[in-house]
Structure formats: C-alpha cells, structure tokens
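Chain residues, written in single-letter form:
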Amino acid sequence: MKNSFLHIVLFLLISIGAQAEVKVANIFGNKMVLQRNQQNSIWGTADKKETVKVTIAGQVHTATTDKNGKWKIKLDPMKASGPFIMTIEGKKNKITFEDILVGEVWICTGQSNMQWSVENSNHSDLELLAADFPEIRLFSIPLVGSPELQTEIRDSSWYACTPESLPKFSAAGYFFGKQLHQILDVPVGLINASWGASSLETWIPRDAIEENYEHKEFLEDWDWRISQFSDQMIVDSKKKYKAWEEAGKPGKKIFPPRDIRTAQNRPANGYNGVIHPVVGYGMKGSIWCQGESNLGRGDQYSDLFPILINTWRERWQLGNFPFYWIQIASMKEPDIEPKNSSWAELREGMSKTLSLPNTGEVVSMDVGESNDIHYRNKQEMGKRLARLALDETYGYDIVGKSPRYQSMEIKNNKIIITFKNVDKGLYAFNSNTIKGFAIASSDQKFVWADAKIINKNQVEISSDKIKNPVAVRYAWSDMPQSNLYDRNSLPVACFRTDNWPIASESKIKAQYRYQFDHSKK
C-alpha cells in the first residue's frame, strides 16, 4: 500500500512537471514595435485546452489553445505610442516583455543588396556615429533554408538603433526607415529577412508556384536535381574550391560549396524557413531588393514576382499591403554599340509587376558600379524608397515615382516619346547631351540615337542612320550610360517600345550550380 501511494504521488509530480509552459513566437520580445492603427496578432503555444491571457496598455485578451496547443489573440488597434509592457500568462508561467513601442513596421527582404550592411556602405563611419535613434527598432530573422514549412525561427532579439547595434543591419532598410522615422515622427520597426545570393523563387511557397506558374518543368527540373544530389558532391566541391583558392583563383570563377537541398536558391526554401514563421506579424508593408540571382531569366521574373506578392498578401491577411522594390541596378562595362542585355530584361520583368495594385519600383541603375555587384550608395536607395512610401502610402505631397515610358509617335524619320510621372520636367544630368537612347527600323538593328527634349514630358529621338524608325530603347544595357532625369532627382526608368523576342523568353530552368548526369533524367 505504501509503495502504491508513493507511485501515485510520484506520478502526480511528474504530470505537473510535464505541463507545458506558455510560450510566444520568437518574433515577439522586448523592444519590439507593433504596427499602429491596426489589429496585431500575438501567438504561441501552451498545454492543450489551456487559457492564455495577454495584457498591454489596458487591454486584456484571452485565448484557449487548440488540440495542438496553439493559441492566438488579436490586440485592438493602438495609436503610435509607448513604451508599454506586455504580459503573457498561462497556468504555469508568465512572460513579460518591456519597452514595446507602437508605430510603423516594415519587412526588408531580398538578396545581398538588401542584406548589404550599413558598415559596408558609403560614409559608414559618419552614419554610425549618428545612429542614435532609440525609437527605431531592428530585428534580423535567422537565415534557415528548409524544404518543409517551419513554424518558428531561432531565438533572436529586437534592438534599439545605436552605433553598436546598427553596423551589420540592412543599409537600404535602415536608410529607408530612418527617413520615415524622422518625417512621420513615430517609432519604426524594421525586420530584416534578406539573404545574399537568394533567388526569387526561394521566397515563394511551393504550392503557390504549383498552382500559379504554368511551366511545370521548372519545379520538375528542381526535383530531379535534388534527387541526384548527394553529400559526396559537397565534399568534392569543397576540395575543388579549396584548391582553386590556394592556386590564387585562376581562370573562371568557382562558386563556394552549397548544399542545394537547404540553400537559398531552391524554390520555397527561404519562404519556409525565414518568412512563414513570422507570417501574420503586424506590419505596414514590405520593401524588396533582389534579382541578381535571376539574371538570364528576366521574362520568367514577370511571371514569378506577382505570384510572390499575391501569395504573401493572401497569407498575411492584411489586404494589399504596400510592396515596394528596388529595381536591379547595373554592372559591367558600358556598351560600345547597342546590344541585348540580361540586366535590362530583368529590369523589364520587374517593372511589369507594377500592374499589381499598391506596388512601386525604385530605379537604381544610376548608382551601380561597373566592377562590383554590391553598390555602396545605399543612402540614395533608402531615400527613393522613402519618397515612394511617403507619396503612395502616407499621403505626403511628394513625388515618389520615376518618369516612365507612356507612348510613342512616329513623325517622318523621328519618334516622339511621351513620359508619365513627370514632376518638374525632364533634363540631361551632368551633360548638354541626352545619353542612353537607341533607335531601330524594322530590321531590329539598333543604333545610338540623338535625343532632344521638346516638352516637359516629351523627347524627340532620331538618327541619321535610320530613315524609317519603328522602335526606341532607353538604358537597355547591363551598365547603361543614361542620364535623363526629372528635375526632382529621380531618373527615367529603362524601357523599350518594341515587343521583339528577347533572350530570356525561353529560359525557364534555374542555373545549374553542380554538374549532373543528364542521361539519368
């Protein structure tokens, strides 16, 4: 009898100890910023059927966990304010978060030119000395690629912006957020979810690609190469890369070894491991800078990019939240004569996505560096993104859109180009000559053109070499020498008037990083 009693007591103690503590998703924490003027979801886990209580700023909300131990509540909208304390309480424990602000939250996503840090950007020493903004808060999501949906990110923290916390944060994101903070005069939260060398498709859920992208061979090819990949391929690649480095990196560039099964190019990997765990966090919108890993597939970009934006909006359940991006910049040597350009094709692919509501694009080809894909002038990109957001999202009387091609008219041996979004009037920057235009007849052979501004928003294009022109291209180059601007400092966007075939139209499959035996396919 005595032993039985001891067993019962021991069982009860173990049962009590086995009760799960209430937990909250790792995106939430001290110093976080909640989005103002909208409901904000807070979620986590606890025991099944447990009641969880969340309190902040006089609000009290309760939720009962489901059969999987998950809970979620929605806070009532709050005005920009703070600091506040939030408590999350269950049967066994209580979590307290302090120094919470309410303001504007933006997620900063893409690849290396969004990930590029403040400490590696222009005038970083001055920027960091001045980086004392206690109401700008920074959060970086740990970068984990996964072929399966993840529900949680690794533990991370929010930080107030200081010279010590800022150096490795996204430069484009920070310069954008700083402008908003100074002009809106509200707290700003920036969530960095950018991953160098990542492709567009890694940020899209696989089921969204399956349902919305008509070229099934895209995923089929990826599935095949994953099935053929092995640990031995990584070992061999490491040896090859090390030998190349030790030899002084001769000849053709060799890329560092990468496990394509979990890396940032496989479709959905970035979404699964980085984005999905934070979907639902209250925010105003997203800024994006990506494209270099999709060079050569510009036409495909115009199909996949809208899928990404529509899917994120659908799963975040915040309506058509603002989605603004930095167009791919420029690199390589200037063209001697007009020719095809994978960079221009990708710029065009991005621009086509402006057909979606509440989207915007920042032109960056004028800040690109010929010998470095990572241009340092991130300040200008932050300012242009801020102009766009202040104009389109916050209702300020400021022009955020670059001038864009609207229409053309052929007059004898000349073509008149009319632009939209012109604010103060077009002009040639740093020259008496407008550069960057090319013109062609029906033979589709372009030559450099003369250009003359004939109106606030019109340019006349011609060439002595072309008697019967039918098409014009502007800044259609990897490294365009174009200089047409609006006098508000925004450059005219790259464009073409023709719809002639381009090189990327048939490019569906992603670039191969490793050699595969295609006879097995």
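Refer to the structure printed above.
Residues numbered from 1 in each chain as written. Predicted model: local features only at pLDDT ≥ 70, side-chain atom pairs only at ≥ 80, totals over all residues. Heavy atoms only, no water.

(A) Local environment of the overall build of the chain. For the chain, the count of helices and strands is 11 helices and 24 strands. Taken over the C-alpha trace, the chain has a radius of gyration of 26 Å; the compact-globule value for 521 residues is 24 Å, and the two agree within 12%. Judged by the C-alpha coordinates and their principal axes, the chain covers about 110 × 60 × 45 Å. Expressed as a percentage of its 521 residues, the buried residues of the chain come to 55%. For the chain, contacts bridging at least 24 residues in sequence account for 73% of all contacts bridging at least 6. Charged side chains of the chain number 65 positive and 61 negative; the gap between the two group centres comes to 2 Å. (Helix = DSSP H or I, 4+ residues; strand = E, 2+ residues; numbered from the N terminus. Rg over C-alpha atoms; globule rule 2.2 N^0.38 Å. Buried < 20%, exposed > 50% of the residue type's maximum accessible area, 1.4 Å probe, protein only. Contact = heavy atoms within 4.5 Å. Lys, Arg positive; Asp, Glu negative; His and termini not counted. Charge placed at Lys NZ, Arg CZ, Asp CG, Glu CD.)

(B) Local environment of a negative patch on the surface. Together, E214, E217, E220 and D303 make up a negatively charged patch on the protein surface. Mapping D303 onto the fold places it in helix α9 (residues 298-316). (Patch = residues over 30% accessible without salt bridge, like charges linked within 9 Å, V, L, I, M, F, W, Y side chains within 5 Å. Areas by Shrake-Rupley, 256 points an atom, 1.4 Å probe, with all protein chains shown as cover. Salt bridge = Lys/Arg side-chain N within 4 Å of Asp/Glu carboxyl O.)

(C) Quick look at the packing of helix α4 (residues 171-184) against helix α11 (residues 378-392). Contact geometry for α4 and α11: axes closest at 7 Å, N-to-C directions at 45 degrees. By the angle between their directions, the pair α4 and α11 is classed as oblique. Judged by the sense of rotation from one axis to the other, the crossing of α4 with α11 is right-handed. In this structure, α4 contributes A171, A172, F175, F176, Q179, L180, I183 and L184 to the contact, and α11 contributes K378, Q379, G382, K383, L385, A386, A389 and L390. Class assignment for the residues of the contact of α4 with α11 results in 11 nonpolar, 3 polar and 2 charged. (Axes fitted to C-alpha atoms, helices over the stretch in contact; angles between N-to-C directions. Parallel < 35°, antiparallel > 145°, perpendicular 65-115°, else oblique. Left-handed = near helix turned anticlockwise from the far one by under 90°. Nonpolar A, V, L, I, M, F, W, Y, C, P; charged D, E, K, R; others polar.)

(D) Focus on the packing of α9 against helix α10 (residues 342-351). Remark: α9 packs on α10, axes separated minimally by 7 Å, with the N-to-C direction vectors making an angle of 20 degrees. In terms of axis orientation, α9 runs roughly parallel to α10. Relative to α10, the crossing made by α9 is right-handed. Residues G298, Y301, S302 and F305 of α9 lie in contact with α10, whose contacting residues are E345, L346, G349 and M350. In the contact of α9 with α10, the residues fall into 4 nonpolar, 3 polar and 1 charged.

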